[in-house]
Amino acid sequence: MDSLLEMDNCKSRSEFIDKALSFYMGYLVSEDTTGYLSKLLISAIQGILKETENRNSNNLFRLSVEMNMMMHILAAGLEISDEELRSLRGRCVQQVKKTRGKVSMEEAIKFQQGIGE
């Protein structure tokens, strides 16, 4: 305990014991124990979250580049009016909302062939 007094800036053992007891009692009555987690654990979790965020951002960027390439390839080969494009965009927004992003090529083909909806 004496070696920890200095680390905690305590002037006496009584002060150290008082702080330790307050900490432990707070831990026992608190519903949110995150204040009592080790700083090292919190730092590790933050590092993992930052790494995941960076990975997701990089993947979204790569996906956006590929989609942009695909759209340019399709636009070069298709003749579609502005009105048809606006209508399709509106339909696609509604479909993505309705399916929460779970859109399949099969459903798009059925719609284009007049089989669905």
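Residues numbered from 1 in each chain as written. Predicted model: local features only at pLDDT ≥ 70, side-chain atom pairs only at ≥ 80, totals over all residues. Heavy atoms only, no water.

K.L.:
Outline the overall build of the protein chain, supporting the account with residue identities and numerical values.
P.N.:
In terms of helices and strands, the protein chain carries five helices and zero strands. When the helices and strands of the protein chain are read in sequence order from the N terminus, they spell out α-α-α-α-α. By residue count, 5% of the 117 residues in the protein chain fall in the buried class. For the protein chain, the computed accessible surface area is about 10700 Å², with 60% contributed by carbon and sulfur atoms. (Helix = DSSP H or I, 4+ residues; strand = E, 2+ residues; numbered from the N terminus. Buried < 20%, exposed > 50% of the residue type's maximum accessible area, 1.4 Å probe, protein only. Areas by Shrake-Rupley, 256 points an atom, 1.4 Å probe, with all protein chains shown as cover.)

K.L.:
Which residues make up unusual backbone geometry, and what values do they have?
P.N.:
The backbone phi angle of asparagine 9 is positive, close to 55°, even though this residue is not glycine. Turning to its location among the elements, asparagine 9 is positioned in the loop between α1 (2–7) and α2 (13–29). The phi angle at arginine 100 is positive, at roughly 55°, despite the residue not being glycine. Looking at where arginine 100 falls in the secondary structure, it is placed in the loop between α4 (82–99) and α5 (105–112).

K.L.:
Explain α4 to me, using residue names and the numbers behind them.
P.N.:
The terminal C-alpha atoms of α4, which comprises 18 residues, lie 26 Å apart, in line with the 26 Å expected from a rise of 1.5 Å per residue. One or two residues past the end of α4 sits arginine 100, with phi positive at roughly 55°. (Expected span 1.5 Å × (residues − 1).)

K.L.:
Tell me about a nonpolar patch on the surface, and please be specific about residues and values.
P.N.:
A grouping of Leu60, Leu63, Met67, Met70, Leu74 and Leu78 is seen on the molecular surface, where their side chains present a nonpolar patch of about 580 Å² in accessible area. Mapped onto the secondary structure, leucine 63 falls in helix α3 (residues 39–77). (Patch = residues over 30% accessible without salt bridge, like charges linked within 9 Å, V, L, I, M, F, W, Y side chains within 5 Å. Salt bridge = Lys/Arg side-chain N within 4 Å of Asp/Glu carboxyl O.)

K.L.:
Mind laying out the pattern of salt bridges, listing which residues take part and the relevant values?
P.N.:
Inspection of every chain in the model, using the stated rule, returns six salt bridges. Between arginine 13 and aspartate 2 there is a salt bridge, and its shortest N-O distance comes to 2.7 Å. Taken together, the residues span a long stretch of sequence, with arginine 13 in helix α2 and aspartate 2 in helix α1 at a distance of eleven residues. Since its relative accessible area comes to 46%, aspartate 2 is described here as partly exposed.

K.L.:
Could you give an account of the environment of aspartate 8, with specific residues and numbers?
P.N.:
Looking at the element boundaries, aspartate 8 is found in the loop between α1 and α2. Sequence separation of aspartate 8 and lysine 19 is eleven residues, and the distance between their C-alpha atoms is 9.2 Å. Not counting residues up to four positions away in its chain, the partners in contact with aspartate 8 are Phe16 and Lys19. (Contact = heavy atoms within 4.5 Å.)

K.L.:
Describe in detail the side chain of glutamine 95, supporting the description with residues and values.
P.N.:
Tracing the sequence through the fold places glutamine 95 in helix α4. By relative accessible area, glutamine 95 is classed as buried at 14%. Once residues lying within four places of it in the same chain are set aside, the contact partners of glutamine 95 are Val103 and Glu107.

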